[in-house]
Amino acid sequence: MKTVSVSAPGKIILTGEHAVVYGYPGIWATTDKRLLVSIKRTNQKLKIISNHTSIDFAKYSVMKIGKLIGKNVSSLEIKIKSTIPVGSGMGSSAALAVALTGALIKLNDLPWELKRINKIAFEIEKQQHGTPSGGDNTVVTYGGFLKYQKQKNSIPKFDKISSHKKIKNLLIINSGKPQETTGEMVAKVATLYKNNQAQTNKIFSKIGDIAQKLYHHLNMNSKIKTQKLIKENHKLLNKLQVVSPKAQKIIKKIEHIGGVAKISGAGGFLDSSGILLAFHNKPKLLTHLAEFENLNTIPVVLGVQGVRVE
Ligand code: MEV
């Protein structure tokens, strides 16, 4: 029996998280941490082996994809292997949704259409996160660096960014896995929005401006002070209450030694906030701080290929 293997990368959000749910632009990049799905047909019932996700959720996803592509998924053996940290802002659920969709499409000899893979993966992301923007699954599908903007008609709008060499001196620091899920954090911001629409919209709009500036800088060489923007972005995220006191403390220490940092992804408030993107003109100082504070760092290459058959 043939085995089909498909992999998808993890992601980070450079800027725009949360505001993107309300239609403002955000900047995404894939990372070289990947998730691999291998599938073969068997003559027994569906079996899922995973080092990554809850088997129940993987099962739900398989059934849903089967329904959407109109194929029987009851006698398969599916193996899921991943190096993407789970629930920390690095796109592990989007990578699962995209790789699983790609693998089931390939196994059934259906056309390899990124647009379709992305659309199906978005349906799964909705089940997992409530009202996601669709940015995670889009970058994981298409790869590279993207400016993404959610549209009212639900057709994703994104631009590939080609000149991305200017993202320098970045260190990813893991502040720890948040207690809350992405869906819960999106809902928390929705409550804030509901209770104070004008004020929250102002914050979103300022975040959107930062994303737009960063996009012009990356794509068209406009001169900006990236670190100043990241610092500003952190302040705005703090106002959205998605940065926990614990993560705020780490970011203050980074600022104290002359760097800047922000959460990336949904964040977390009760305990940890997932990964932090930290920048410093002298990156060694960041590494030393992380060592001194006993914080894990995650080395990544950004802008790698999206979903692919292995
Ligand atoms: C999740 O990675 C980022 C959020 O903006 C939600 C979303 O875009 O779906 C918090």
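Our subject is the structure that appears above.
These lines cover the structure that appears in this document, whether it is placed above or below. Please read these numbers as outputs of a predicted model, since none were measured by experiment. (Residues numbered from 1 in each chain as written. Predicted model: local features only at pLDDT ≥ 70, side-chain atom pairs only at ≥ 80, totals over all residues. Heavy atoms only, no water.)

**A word on the site of the ligand**
Rule in force here: Near is defined per residue: the residue qualifies when any heavy atom it owns lies within 4 Å of the molecule or strand. Contacts described as polar in this section are N or O atom pairs within 3.5 Å, which, within protein, must combine one atom able to donate a hydrogen with one able to accept it, while residues neighboring in sequence count only if both atoms come from side chains. Computed by Shrake-Rupley with a 1.4 Å probe, the accessible areas treat only the displayed protein chains as cover when residues are assessed. Cavity and pocket criteria rest on a 1 Å grid covering protein atoms alone: a 1.4 Å probe that fits but cannot get out defines a cavity, protein on both sides within 12 Å along at least 5 of 7 lines defines an open pocket, and an atom within 4 Å of a point defines a lining residue. To be counted as sitting in a cavity or pocket, a molecule needs more than half of its atoms within 2 Å of that site's grid points. All residues other than Ala, Val, Leu, Ile, Met, Phe, Trp, Tyr, Cys, Pro, Asp, Glu, Lys and Arg, Gly among them, are scored as polar; the first ten of these are nonpolar and the last four charged.
Taken together, Lys 11, Ile 13, Glu 17, His 18, Val 20, Val 21, Pro 132, Ser 133, Asp 136, Val 186, Gly 265 and Ala 266 make up the full set of residues adjacent to the ligand. Take His 18: an N or O atom from its main chain is 2.8 Å from an oxygen atom of the ligand. Separating an oxygen atom of the ligand from a side-chain N or O atom of Asp 136 is a distance of 2.9 Å. Alone, the ligand offers 290 Å² of accessible surface; in the complex the protein occludes 97% of this. Applying the majority rule of atoms within 2 Å of the grid points places the ligand in the largest pocket. Here the residues of the shell around the ligand sort into six nonpolar, three polar and three charged.

**Quick look at the sheet that holds strand β8 (residues 260-263)**
What links the strands of a sheet is backbone hydrogen bonding, and the strands pair in either a parallel or an antiparallel sense. Keep this limit in mind: Strand pairing is defined by DSSP finding a minimum of two bridges between the two strands. In this text, helices come from DSSP runs of H or I with a minimum length of four residues, and strands from runs of E with a minimum of two, each type numbered from the N-terminal end. Working rule for contacts: check all heavy atoms of both residues, and any pair within 4.5 Å makes them a contact. All axes are obtained by fitting lines to C-alpha atoms, using only the stretch in contact for helices, and the reported angles, taken between N-to-C directions, cover 0 to 180 degrees.
Pairing is antiparallel in the open sheet, where four strands are placed in the order β8-β9-β7-β10. Looking at strand neighbours, the two that pair on one side only are β8 and β10 (296-297), the edges of this open sheet. Packing of helix α7 (residues 226-239) onto the sheet brings it into contact with β8 and β9 (275-279), and relative to β8 it is tilted by some 40 degrees. Of the strands in this sheet, β7 (170-174), β8 and β9 are in contact with helix α8 (residues 245-256), which crosses β8 at around 160 degrees.

**Quick notes on the packing of helix α2 (residues 92-107) against helix α4 (residues 135-142)**
To describe two helices that pack against each other, one gives the angle between their axes and the distance between the axes. Using the following cut-off: Between 65 and 115 degrees an angle is taken as roughly perpendicular, under 35 as roughly parallel, over 145 as roughly antiparallel, and anywhere else as oblique. Take the far helix as the reference: if the near one is turned anticlockwise from it by less than a right angle, the crossing is left-handed, and if turned clockwise, right-handed.
Two elements in contact, α2 and α4, have axes whose closest approach is 9 Å; the angle formed by their N-to-C orientations is 55 degrees. Here α2 lies oblique to α4, going by the angle between them. For the pair α2 and α4, the sense of crossing is right-handed. For the pair formed by α2 and α4, the contact residues are Ala 94, Ala 95 and Val 98 on the first element and Asp 136, Asn 137, Val 140 and Thr 141 on the second.

**Here's the deal with helix α5 (residues 182-195)**
Test applied: What a helix is expected to span follows from its residue count: subtract one and scale by 1.5 Å. For every residue, the accessible area (1.4 Å probe, protein chains only) is compared with the maximum for its type, and the residue is labelled buried under 20%, exposed over 50%, or partly exposed between those bounds. Arc definition: it is the arc formed by the directions from the helix axis to the C-beta atoms.
Relative to the 20 Å expected for 14 residues at 1.5 Å per residue, α5 spans 20 Å between its end C-alpha atoms, a close match to the ideal helical length. Taken as a whole, α5 has its buried residues at Gly 183, Met 185, Val 186 and Val 189. Here the buried residues of α5 occupy an arc of 165 degrees about the axis, which is enough to place them on one side. Along α5, the residues that are exposed and aim more than 90 degrees away from the buried face are Lys 194 and Asn 195. Elements that come into contact with the buried residues of α5 comprise α3 (114-129) and α6 (197-220).

**Some thoughts on a positive patch on the surface**
The test is simple: Nonpolar side chains (Val, Leu, Ile, Met, Phe, Trp, Tyr) within 5 Å and like charges within 9 Å form the patches, drawn only from residues with over 30% relative accessible area and no salt bridge. The rule for a salt bridge is simple: a side-chain nitrogen of Lys or Arg has to be within 4 Å of a carboxyl oxygen of Asp or Glu. Charge counting follows a simple rule: Lys and Arg are positive, Asp and Glu are negative, and His as well as the terminal groups are ignored. Where a charge lies is defined by one atom per residue type: Lys uses NZ, Arg uses CZ, Asp uses CG and Glu uses CD.
A cluster of basic side chains, namely Lys 202, Lys 206, Lys 231, Lys 235 and Lys 239, defines a positive patch on the protein surface. In terms of residue count, α7 provides more of the positive patch than any other element does, three residues in total. Summarising the element assignment, Lys 231 is placed in helix α7.

**Some remarks on the pairing of strand β4 (residues 76-82)**
Successive residues of a regular strand alternate their side chains across the two faces of the sheet. Our working definition: Here, the term right-handed applies to a crossover whose path from the first strand over the helix to the second runs clockwise when the strands point away from the viewer.
Here β4 lies mainly inside the structure; five of its seven residues are buried. Pairing of strand β2 (residues 26-41) with β4, which is carried by seven bridges, proceeds in the antiparallel orientation. Each residue of the ladder has a partner; that of Val 37, found in β4, is Ile 80. With helix α1 (residues 55-69) bridging strand β3 (residues 47-50) and the parallel β4, this β-α-β connection has left-handed handedness.

**Describing the side chain of Asn 233**
Position of Asn 233 among the secondary structure elements: in helix α7. Excluding residues within four positions of it along the chain, Asn 233 makes contact with Leu 14, Thr 15, Gly 16, Glu 17, Ile 207, Ile 210 and Lys 262.

**Some words on the pattern of salt bridges**
Counted by the stated rule, this structure contains eight salt bridges. Between Asp 136 and Lys 11 there is a salt bridge, and its shortest N-O distance comes to 3.3 Å. Here Asp 136, found in helix α4, pairs with Lys 11, found in strand β1 (residues 3-15); they are 125 residues apart in sequence, far enough to count as distant. Each member of the pair, Asp 136 as well as Lys 11, carries the same accessibility label: buried. For Glu 293, the salt bridge identified is with Lys 253, shortest N-O distance 3.2 Å. You can see Glu 293 sitting in the loop between α9 (283-292) and β10 and its partner Lys 253 sitting in helix α8, a full 40 residues away along the chain. Relative accessible area serves as the criterion here: at 29%, Glu 293 is assigned to the partly exposed category.

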